[in-house]
Amino acid sequence: MRRDEAKSARREYDELDPVFPIARELIRKWAQICVLARDPEMPDQLRNRSADNWLCSDRPDEDVGVVLLGEIQTIFLVRGLDRVTSADLVEALLGLDDGFWNEWRGPKDDRPARKLNQTGLAEILRPFGIRSRTIWAAGRRPGDSSKRGFYRSQFEDAWRRYCPPADTPTQLSKISA
């Protein structure tokens with residue numbers, strides 16, 4: 001619409017028109033009695049993109065990498081860790097209450113749902129320059145073996161750039177120490 005057309009269209013619907021107060025009242029009454037299902041069934045008529053949008057409506061609006069960084073930061077803080085194996089980190093992420101990582105669909109949300117694994121974790125962290133490395137247990141004894149994992153220091157730069165400060169509460173209730 002051109003600007004002059006938009007102005008004339010707005011003038012056609014005057015707020016003082018008696019229809020608006022009636023419509024507002026009807027909407028207010030409907031809103032008071034309306035109960036929406038939190039997880040409604042997907043209608044059979046939806047196909048392709050419409051179905052994808054319906055199914056993915058509960059995905060976070062944030063970048064999945066930033067979400068992951070925040071949840072890893074919380075895991076390190078709550079558990080007081082300075083290092084963690086990849087396997088333990090994946091296990092902690094799968095144990096979160098929201099269940100997001102239990103139905104991981106890949107970084108582009110285009111794969112079949114499955115649990116996040118160590119390969120998927122590495123794939124998400126790669127753009128941040130964070131790669132697993134050989135780590136040893138903090139209280140290492142003779143006969144212990146090394147494992148692949150991460151040191152806290154590997155995440156600190158990314159946390160500073162993408163996550164709220166460490167003293168800001170971030171869903172601590174989702175992690176059990």
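Structure: see above.
Positions within a chain are numbered from 1, following the residues in the order the chain's sequence is written. Given that this is a predicted model, residues contribute local features only at a pLDDT of at least 70 and side-chain atom pairs are listed and counted only at 80 or more, while totals for whole chains, interfaces and linings are drawn from all residues. In computing side-chain values, all of the structure's heavy atoms are included and hydrogens and water are not.

Q: How would you explain the overall build of the protein chain if you had to name every residue and give the values?
A: Strands here mean DSSP runs of E at least two residues long; helices mean DSSP runs of H or I at least four residues long; both are numbered from the N terminus. Of the regular secondary structure elements, the protein chain holds 7 helices and 3 strands. Ordered by position from the N terminus, the helices and strands of the protein chain form the series α-α-α-α-β-α-α-β-β-α. Evaluated residue by residue, the protein chain yields a buried proportion of 26% over its 177 residues. When contacts within the protein chain are restricted to residue pairs at least 6 apart in sequence, long-range pairs at least 24 apart make up 58% of them. A 1.4 Å probe rolled over the protein chains alone gives each residue an accessible area, and that area as a share of the maximum for its type sets the label: buried under 20%, exposed over 50%, partly exposed in between. Contacts between residues were defined by any pair of non-hydrogen atoms, one from each residue, lying within 4.5 Å.

Q: Report on the environment of tyrosine 151, specifying residues and quantitative values.
A: Its location among the elements puts tyrosine 151 in strand E3 (residues 147–151). Residues tyrosine 151 and valine 84, 67 residues apart in the sequence, show an inter-C-alpha distance of 6.6 Å. Sequence-distant contacts of tyrosine 151, that is, excluding residues within four places in its chain, are made with Phe76, Asp82, Arg83, Arg133, Thr134, Ile135 and Trp136.

Q: Hey, could you go over the pattern of salt bridges for me, with residue numbers and the actual values?
A: Every case where a carboxyl oxygen of Asp or Glu lies within 4 Å of a side-chain nitrogen of Lys or Arg is listed as a salt bridge. With the rule as written, the count across this model stands at 6 salt bridges. When the shortest N-O distance is used, the salt bridge between aspartate 82 and arginine 83 registers 3.0 Å. By relative accessible area, which is 40% here, aspartate 82 ends up partly exposed. Taking the shortest distance from any N to any O, the salt bridge between aspartate 157 and arginine 161 comes out at 3.0 Å. One end of the pair is aspartate 157 and the other is arginine 161, both in helix H7 (residues 152–162) and 4 residues apart, which spans about a single turn. Overall, aspartate 157 belongs to the partly exposed group, its relative accessible area being 38%. Its relative accessible area of 47% is what places arginine 161 among the partly exposed residues. Connected via shared salt-bridge partners are Asp157, Arg160 and Arg161.

Q: Can you explain helix H5 (residues 86–94)? Please cite residues and give values.
A: Within the span of H5, buried status applies to Ser86, Leu89, Val90, Ala92 and Leu93. Down the axis of H5, the sector holding all buried residues measures 160°, keeping them to one side. Lining the buried residues of H5 we find helix H4 (64–79), strand E1 (83–85), helix H6 (118–125) and E3. Within this analysis, the arc is defined by the directions that extend from the helix axis to the C-beta atoms.

Q: Could you give me a rundown of the sheet that holds E1, with the residues and numbers involved?
A: The sheet built from 3 strands is open, its strands ordered E1-E3-E2 with antiparallel pairing. Two strands close off the open sheet at either side, each with one partner strand: E1 and strand E2 (133–135). Neighbour to neighbour, the strand axes of the sheet diverge by 60° on average, direction disregarded. Should DSSP find at least two bridges between two strands, the strands are taken to pair. One ladder, built from 3 bridges, connects E2 with E3; its direction is antiparallel. When the bridges of E3 are listed, threonine 134 appears paired with arginine 148. Sheet strands in contact with H7 are E2 and E3, and its direction is about 40° off that of E3. Comment: axis = line fitted to C-alpha atoms, over the contacting stretch for helices; angle = value between 0 and 180 degrees taken between N-to-C directions.

Q: Describe in detail the pairing of E3, supporting the description with residues and values.
A: Across 3 bridges, E1 lies against E3 in antiparallel orientation. Note on E3: the bridge partner recorded for threonine 85 is glycine 149.

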